[in-house]
Amino acid sequence: MKKDIKEYAKRGEQCDVMKALTLLTKAYISMCGISLGCRTVVYCAAEPWQERLAWLDLPLSEMARKGPFVHLMPHISNEYIPEEYDEYDITAMEGEELLSVCNQMISNKEFDKNTLEVISWGILKAIEEEQELSQEIEATAPDGTLLKGVLKKQKCSSTWLIMTEPYTDLSASSCELVRDARELLLKAYSDYQRLHQLEGEIRALYPVYLDRISKLEKNSAWGKHCVYMDVYGKLLDDMVLGQTNKLIEEWFEMKIY
């Protein structure tokens, strides 16, 4: 099964990225209301092509770094009309199921040869990228501090790392593909310092936070999180640090959900 896909993928890899994304957008449109499985395979195949675009400096590269393929399609082809096609969804598929449907599409000649080639490359790449990253990175902060971390994810709409030095297990993330992950490491270190400096503002808002928590109708973790973000969001929403509530609890001895 995989042999045919590999042969198609080898040729598809050479395709121009914007041509590939145009073919995939049109293929996706053609499967709306026709086949959920084929539509899903096309969408999954498009994501590695979108990531390839995100690493470049083309007109749509910045948009590709920050959003899903569905947001990109109207800018790739005027045939994609959001009001008409946004109502269609995809389903959960991975591994062997993606390969199986892709092979059926090749056997049935579901699309033209070029489209099947770029789909094949995208599917093989998507399966390959299911494994989590574990790449060590380093940077030097403006104050001369050596920063170390492990890059765990670097994809469109998501970059995530764990700082290991000078702070241990400090999580940082961004809702875009950060091409130079060292920038995220530096931002995490800067945010860590800035969070310390916000102690006065954080304490001043604490009575408001406690009052809002006491009025929650349902004592759910999500409800508490929403209150936390409503009260402290303006202070923290541009930070890349994860679990700022835990840091606040540890540093300032303030119970945060």
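This structure is a prediction, so every number in the text was calculated from the model and none was measured.

Cut-offs applied
Residues numbered from 1 in each chain as written. Predicted model: local features only at pLDDT ≥ 70, side-chain atom pairs only at ≥ 80, totals over all residues. Heavy atoms only, no water. Salt bridge = Lys/Arg side-chain N within 4 Å of Asp/Glu carboxyl O. Helix = DSSP H or I, 4+ residues; strand = E, 2+ residues; numbered from the N terminus. Buried < 20%, exposed > 50% of the residue type's maximum accessible area, 1.4 Å probe, protein only.

A. View of the pattern of salt bridges. Taken as a whole and judged by the stated rule, the model has 17 salt bridges. Residue E117 pairs with R11 through a salt bridge whose shortest N-O separation is 2.8 Å. Residue E117 is located in helix α8 (residues 113-128), and its partner R11 is located in helix α1 (residues 2-12); the two are separated by 106 residues in the primary sequence. Under the relative-accessibility criterion, R11 is labelled partly exposed at 37%. Close ionic contact of R203 with E199 constitutes a salt bridge, the shortest N to O distance being 2.9 Å. Here E199 and R203 lie together in helix α10 (residues 199-214), a separation of four residues that amounts to about one turn. Looking at R203, the relative accessible area reads 38%, which means it is partly exposed. Here the salt bridges do not stand alone but share partners, grouping K187, D191, R194 and D238 into one network.

B. View of unusual backbone geometry. In this structure, P166 follows E165 across a cis peptide bond, with omega equal to 5 degrees. By secondary structure assignment, the location of P166 is in the loop between β3 (158-165) and β4 (170-174). In the Ramachandran plot, S157 falls in the positive-phi region, its phi being about 75 degrees despite a non-glycine side chain. Position of S157 among the secondary structure elements: in the loop between β2 (146-155) and β3. Unusually for a residue other than glycine, Q243 sits at a positive phi of about 50 degrees. Among the structural elements, Q243 can be located in the loop between α11 (221-236) and α12 (244-252). Residue Q243 is classed as exposed on the basis of its relative accessible area, which comes to 58%.

Purely geometric stuff here, so don't read any function into it on its own.
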